[in-house]
Amino acid sequence: MLRPGRARAIVALLVMLMVMLASCAQIPRSGPVGKSKDEGAGNPNAPVFFPAAPRAGSSPETVIEDFYMAGSGYEDDYPVARQYLTQAQSVTWKPDKRAIVFREAQVVKAAGENEYLYELDLAYSVDADGVATQFPPGTKETIPVTLEQVEGEWRISKVPDGTAIPEETFKVIYGANPIYFYDPTFTYAVPDYRWFIKKNTVKSMTSALLAGPAPYLRGAVVSAFPSGMKLARESVPVVSGAAQVDLSAKELFDASAEDRQRMQNQLALTFRNQPDVINVQLRADQDLVRVEDNGTVLPPVLDKSVPARQIAVNNGDLVRYENNRVTPLPDIQSVAGLGPRSPAESPVSQTAAFLNGDKTTLYSIEPGQPARQLTTRTTLTGPSFSPNDWVWTAGPGATGAAEVVAYKPTGSAPGAGIPSVTMTPAWLTGRTVKDFRVSREGTRALVISEANGKSAVQVTGIVRNPDGVPKDLTVPITLLSNSAADQGAWVNGSTVAVMSGSATSTVVPELLSLESGEPQQLAPWDGLTSISVGNGAEQIYGQSDAGIFQRVGNGWELQLKGPTEPAFPG
């Protein structure tokens with residue numbers, strides 16, 4: 001077995017190549033002159049590995065292990081790894097098709113002559129576009145490998161495309177980078193995290209951006225780049241800080257001035273963390289295409305914020321909780337007779353929503369109007385608003401299958417029908433939804449569900465019709481959590497806070513990030529029953545019988561006793 005200790009020893013042998021370049025992001029007004037970095041442009045501090053070449057007399061098992069360890073030597077198209085292959089296989093092997101990341105590995109003999117299996121405890125799988133899928137410990141994958149002798153030495157004659165590297169090596173070589181798309185209104189920027197080799201990020205990010213969003217975001221977000229647009233050359237040189245993105249000329253010239261501005265904005269956001277990129281140039285067949293900013297296209301909002309106030313329940317009625325003070329909701333009638341629970345408030349209007357005491361009925365209420373019943377089910381998740389005033393909840397339908405429902409009460413006259421949509425995603429079959437929270441830009445939702453006593457924390461994309469009416473939910477990605485979470489909230493565009501609430505036990509909330517596979521545990525606290533989050537990890541609030549607590553440093557600090565179930569707008 002290839003133990004993690006051996007992988008760590010390999011990692012310790014890396015050599016760091018440092019090249020200091022400029023940083024920032026701006027729109028250029030003229031063509032730059034200066035030194036060029038080609039497709040390797042990326043993180044100048046990225047490590048470079050020099051793996052061991054084949055050793056004389058190595059056994060087939062050692063050749064297989066060493067071949068995959070040589071997958072850390074990515075520069076110049078994996079020259080050392082190719083030495084472990086026969087000449088024919090070396091020519092056809094495509095290492096960049098997939099990266100398999102393992103916790104442990106072992107080589108076992110297969111049934112056929114000179115055939116072996118490389119058995120892995122799978123941690124991640126990263127496809128050619130950098131889309132990563134994370135797997136819990138114990139997930140197995142087997143790679144078939146065939147060898148033959150070449151001049152008395154064992155060489156690999158048949159192996160699938162892609163590399164397989166230890167998790168420790170992966171975390172050093174690869175980095176998570178957001179490429180950015182738009183919500184359908186081009187108002188908000190939506191991060192789509194991809195894993196790329198740190199030395200080659202600029203070209204990799206550009207190619208991934210042109211290829212479109214990750215599967216869970218397809219249909220939920222849009223791109224300024226039309227389908228079919230490609231790089232005109234297989235590199236994105238960075239010249240004196242300018243990333244020169246050379247695109248297919250026809251599609252670029254056919255695009256409107258507004259779309260070209262959005263393209264440049266999209267690239268500038270995507271490259272914003274690349275230390276060697278200062279600005280972005282669009283080019284067609286290497287000729288500069290000037291993008292004039294005439295003020296008609298606004299830059300998209302990055303990491304949409306929420307208002308500082310929270311809605312809560314106090315003395316059996318809805319209230320506003322802000323600056324450690326409780327005040328009535330402006331012009332909202334009393335709903336004390338309905339026993340309000342799990343309140344929510346729209347981020348764009350004064351519409352509020354809540355459940356009744358046993359969480360079987362969803363109500364909405366607007367200023368100056370009585371509460372309106374939206375739906376009744378055997379159980380419902382707390383309501384959540386999207387930016388266009390749709391309010392969401394989930395619960396079992398008539399057949400018992402999990403349904404996600406959305407209503408738009410805002411603007412509907414009293415007594416008139418309320419627009420609604422019901423979705424029954426196949427991936428929720430057999431599951432009970434515990435929490436459903438729409439992201440702040442409205443293109444995604446955090447879904448916490450349970451089946452057979454096991455909890456899953458997932459992020460799905462929200463697909464809408466051209467008029468903005470919700471239509472469907474995409475097949476989600478899963479975030480690994482150490483707890484059996486039953487509730488959560490968005491912290492920002494890439495992070496959620498989750499926990500398993502309990503009035504009688506110590507609760508350990510966690511931060512789960514789209515850019516990291518490692519949950520971050522927050523300080524434990526006794527009896528936390530609900531969680532709410534404002535703008536960032538320092539604005540996390542927990543509720544217990546003792547009152548409302550705010551996360552402060554490594555602990556929790558009491559804010560106010562009285563109001564319960566506080567929630568920021570959204």
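Predicted model only: the values in this text are computed from it and were never measured. (Residues numbered from 1 in each chain as written. Predicted model: local features only at pLDDT ≥ 70, side-chain atom pairs only at ≥ 80, totals over all residues. Heavy atoms only, no water.)

A. Spotlight on the overall build of the protein chain. Counting its regular elements, the protein chain contains eight helices and 43 strands. Relative to the globule expectation of 25 Å for 570 residues, the C-alpha radius of gyration of the protein chain, 27 Å, shows essentially globular dimensions. With the C-alpha coordinates of the protein chain rotated into their principal frame, the extents come out at 85 × 55 × 45 Å. The burial tally for the protein chain puts 54% of its 570 residues in the buried class. Long-range pairs, those at least 24 residues apart, make up 57% of the contacts in the protein chain between residues at least 6 apart in sequence. Of the roughly 24,000 Å² that the protein chain leaves accessible, carbon and sulfur atoms contribute 49%. (Helix = DSSP H or I, 4+ residues; strand = E, 2+ residues; numbered from the N terminus. Rg over C-alpha atoms; globule rule 2.2 N^0.38 Å. Buried < 20%, exposed > 50% of the residue type's maximum accessible area, 1.4 Å probe, protein only. Contact = heavy atoms within 4.5 Å. Areas by Shrake-Rupley, 256 points an atom, 1.4 Å probe, with all protein chains shown as cover.)

B. Quick peek at helix α8 (residues 257–270). Between its terminal C-alpha atoms α8 stretches 20 Å, which fits the 20 Å expected from 14 residues at 1.5 Å a residue. Buried residues of α8: Arg260, Gln261, Met263, Gln264, Asn265, Gln266, Leu267, Ala268, Leu269 and Thr270, and no others. (Expected span 1.5 Å × (residues − 1).)

C. Expanded view of the packing of aromatic side chains. Taken as a whole and assessed by the stated rule, the structure comprises 14 aromatic pairs. Residues Tyr541 and Phe568 carry aromatic rings whose centres are separated by 5.8 Å and whose planes lie at 55° to one another, so their mutual orientation is tilted. Within this pair, whereas Tyr541 is found in strand β40 (residues 540–544), its partner Phe568 is found in the segment after β43 (564–567), the two being separated by 27 residues in sequence. For the pair Tyr541 and Phe568, one class covers both residues: buried. (Phe/Tyr/Trp six-rings, centres within 6.5 Å; stacked < 30°, edge-to-face > 60°.)

D. Focus on the pairing of strand β4 (residues 98–109). Where β4 and strand β5 (residues 115–127) come together, eleven bridges link them in antiparallel fashion. When the sheet's bridge partners are listed, Arg98 is paired in β5 with Asp127. Taken together, β4 and the strand that follows it, β5, pair antiparallel across an intervening segment of five residues, in which Asn114 is found at a positive phi of about 60°. Bridge analysis of β4 against strand β9 (residues 163–166) gives four bridges, and the strand direction is parallel. Paired with Val101 across the bridge in β9 is Ile165. (Pairing = 2+ DSSP bridges.)

E. Inspection of the pairing of strand β21 (residues 352–355) at higher detail. Side-chain alternation along β21 places Ala352 and Phe354 on one buried face and Ala353 and Leu355 on a second face that is also buried. Relative to β21, strand β20 (residues 341–345) runs antiparallel, the two being bridged by three bridges. The partner of Arg341 across the bridge, within β21, is Leu355. With antiparallel pairing between neighbouring strands as the criterion, β20 and β21 make up a hairpin whose turn holds six residues. Relative to strand β22 (residues 361–365), β21 is paired through four bridges, and the arrangement is antiparallel. The residue of β22 that forms the bridge with Phe354 is Tyr363. Adjacent in sequence and paired antiparallel, β21 and β22 are bridged by five residues, among which Lys359 carries a positive phi angle near 60°.

F. Seen up close, the environment of Glu153. By secondary structure assignment, the location of Glu153 is in strand β8 (residues 153–158). Apart from residues lying up to four places away in sequence, Glu153 is in contact with Arg55, Ala56, Gly57, Ser58 and Glu148. Separated by 2.9 Å, the side chain of Glu153 and the backbone nitrogen of Gly57 make a polar contact. (Polar contact = N/O pair within 3.5 Å; in protein donor to acceptor, adjacent residues only side chain to side chain.)

G. Spatial organisation of the pattern of salt bridges. According to the stated counting rule, one finds 18 salt bridges in the structure shown. Taking the shortest distance from any N to any O, the salt bridge between Arg103 and Asp121 comes out at 3.4 Å. Highlighted residues: Arg103 in strand β4 and Asp121 in strand β5, separated in sequence by 18 residues. We note a salt bridge from Arg309 to Glu345, for which the minimum N-O separation is 3.3 Å. On the criterion of sequence distance, the pair formed by Arg309 in the loop between β16 (301–302) and β17 (310–314) and Glu345 in strand β20 is long-range, its members being 36 residues apart. Of the two residues examined, Arg309 and Glu345, each falls in the buried class. (Salt bridge = Lys/Arg side-chain N within 4 Å of Asp/Glu carboxyl O.)

H. View of the confidence of the model for the protein chain. Across the protein chain, pLDDT averages 90, with 92% of residues at or above 70. Confidence over residues 1–40 falls short of pLDDT 50; this stretch has 105 contacts with residues more than four positions distant or in other chains. (pLDDT = per-residue confidence, 0-100.)

I. Region of interest: the side chain of Asn177. The residue Asn177 is located in strand β10 (residues 174–182) in this model. For Asn177, a relative accessible area of 11% puts it in the buried group. Separated by 3.0 Å, the side chain of Asn177 and the backbone oxygen of Gly175 make a polar contact. Every residue in contact with Asn177, bar those within four places of it in the chain, is listed here: Asp192, Tyr193, Arg194, Phe196, Thr201, Met205 and Gln274.

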